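Spelled out from the first residue to the last, the chains are:
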Amino acid sequence: PWVAAHLRRGDACRDGAYMGRTCSSGDAYAEACCKVGAKYGYGTLIVATDSFSALAELRVSLAKRGCPFVVKATSNVSFVDATREAARVEDLLESGVLDSAAEFAGVLVDVFLLATCDAYVGKFTSNLDRIAYSLLAARSGCLKPVVSLDSLWCNDWSNRVGQSLFGSFVC
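Residues numbered from 1 in each chain as written. Predicted model: local features only at pLDDT ≥ 70, side-chain atom pairs only at ≥ 80, totals over all residues. Heavy atoms only, no water.

Caption draft 1: Summary view of the overall build of the protein. Each helix and strand counted, the protein has nine helices and five strands in total. Ordered by position from the N terminus, the helices and strands of the protein form the series β-α-α-α-β-α-β-α-α-α-β-α-β-α. Counting over 171 residues, the protein shows a buried share of 39%. Long-range pairs, those at least 24 residues apart, make up 69% of the contacts in the protein between residues at least 6 apart in sequence. Surface accessibility of the protein: about 9100 Å² in total, with carbon and sulfur atoms responsible for 58%. (Helix = DSSP H or I, 4+ residues; strand = E, 2+ residues; numbered from the N terminus. Buried < 20%, exposed > 50% of the residue type's maximum accessible area, 1.4 Å probe, protein only. Contact = heavy atoms within 4.5 Å. Areas by Shrake-Rupley, 256 points an atom, 1.4 Å probe, with all protein chains shown as cover.)

Caption draft 2: A look at the nonpolar core. Ranked by internal contacts, the top residues of the largest apolar core, which has 21 residues, are Val3, Leu45, Leu58, Leu62, Phe69 and Val121. Counting residues per element, the ones that place at least two in this core are strand S1 (2-7), helix H3 (26-40), strand S2 (44-49), helix H4 (52-64) and strand S4 (119-122). Setting aside chain neighbours within four positions, we find leucine 58 in contact with Leu7, Gly26, Tyr29, Ala30, Leu45 and Val47. By size, the runner-up hydrophobic cluster in this structure holds 15 residues, among which are Val111, Leu114, Cys117 and Phe124. (Core = buried A, V, L, I, M, F, W, Y, C linked by side-chain atoms within 4.5 Å.)

Caption draft 3: Structural context of the pairing of S1. Of all the six residues making up S1, six are buried; the element is thus mostly covered by neighbouring parts of the structure. By the alternation rule, side chains of S1 split into Trp2, Ala4 and His6 and Val3, Ala5 and Leu7, which are all buried. Bridging between S1 and S2 involves six bridges; their strand directions are parallel. Within S2, the position partnered with alanine 4 by the bridge is isoleucine 46. Across three bridges, the pairing between S1 and S4 is parallel. Looking across to S4, one finds that alanine 5 is bridged to valine 121. (Pairing = 2+ DSSP bridges.)

Caption draft 4: Inspection of the confidence of the model for the protein at higher detail. Averaged over every residue, the pLDDT of the protein is 82; the share at 70 or more is 77%. Here helix H9 (residues 157-160) stands out as the least confident element of the protein, with mean pLDDT 48; H3 is the most confident, with 95. This model gives residues 158-168 a pLDDT under 50, and the stretch forms seven contacts once residues within four places in sequence are excluded. (pLDDT = per-residue confidence, 0-100.)

Caption draft 5: The sheet that holds S1, seen in detail. Spatially, the five strands line up as an open sheet ordered S3-S2-S1-S4-S5, and their pairing is parallel. Two strands bound the open sheet, and with one partner strand each, they are strand S3 (70-74) and strand S5 (146-148). Averaged over all neighbouring strand pairs, the angle between strand axes comes to 15°, with direction disregarded. The strands that H4 touches are S1, S2 and S3; relative to S2, the one it contacts most, it runs at about 155°. (Axes fitted to C-alpha atoms, helices over the stretch in contact; angles between N-to-C directions.)

Caption draft 6: Region of the structure containing the state of the cysteines. The tally for this structure, following the rule as stated, stands at one disulfide. Between the sulfur atoms of cysteine 34 and its disulfide partner cysteine 67 the distance amounts to 2.4 Å. Linking cysteine 34 in helix H3 with cysteine 67 in the loop between H4 and S3, this pair joins segments that are 33 residues apart in sequence. The exposure class assigned to cysteine 67 is buried, which follows from its relative accessible area of 14%. Cysteine 33 takes part in no disulfide bond, and the closest cysteine sulfur, belonging to cysteine 34, lies 7.0 Å away. (Disulfide = S-S within 2.5 Å.)

Caption draft 7: Fine view of the packing of helix H7 (residues 100-114) against helix H8 (residues 127-140). In contact at an axis separation of 8 Å, H7 and H8 are set at 45° when each is read in the N-to-C sense. Between H7 and H8, the angle falls in the class oblique. Seen along the crossing, H7 lies across H8 with a hand that is right-handed. Contacts from Val107, Val111, Phe112 and Leu114 of H7 reach H8 at Leu128, Ile131, Ala132 and Leu135. When the residues that make up the contact of H7 with H8 are grouped by side-chain class, the tally is eight nonpolar, no polar and no charged. (Parallel < 35°, antiparallel > 145°, perpendicular 65-115°, else oblique. Left-handed = near helix turned anticlockwise from the far one by under 90°. Nonpolar A, V, L, I, M, F, W, Y, C, P; charged D, E, K, R; others polar.)

Structure (structure tokens):
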């Protein structure tokens, strides 16, 4: 069993105030991952990321918290964080700085990897997180434990979790 986290330093960190999103620290992710891991006894954390600095910050925070995760990460090693954080991905793709096929392949790997976890940590303001969690629920036939660091899925999420016309659907 393992926890999955989607940790990026893209739109939310660069344009967050304008878009109403928050840029969360590696420590915020570490806190959520440690709580979920401890609650369910999970010892592996898979991190989907495109930021080496965010991953390093997460690792330091996990160690400070004494969180005993084995951490494995996905990341595109062909570009330094400064390149990715300097502009929107769409602009980097359009200018040819990033290869669209490679980026798309990386996103698909991350989405499908995240969709096979046993507990999920991310942000529901992220399209990728909502897609991955939807696939996770569809694949498993139930709702796996989830922590969103910024918003609920929808306004009445807390009223719907565990309730269905067909009975409980929470694992």
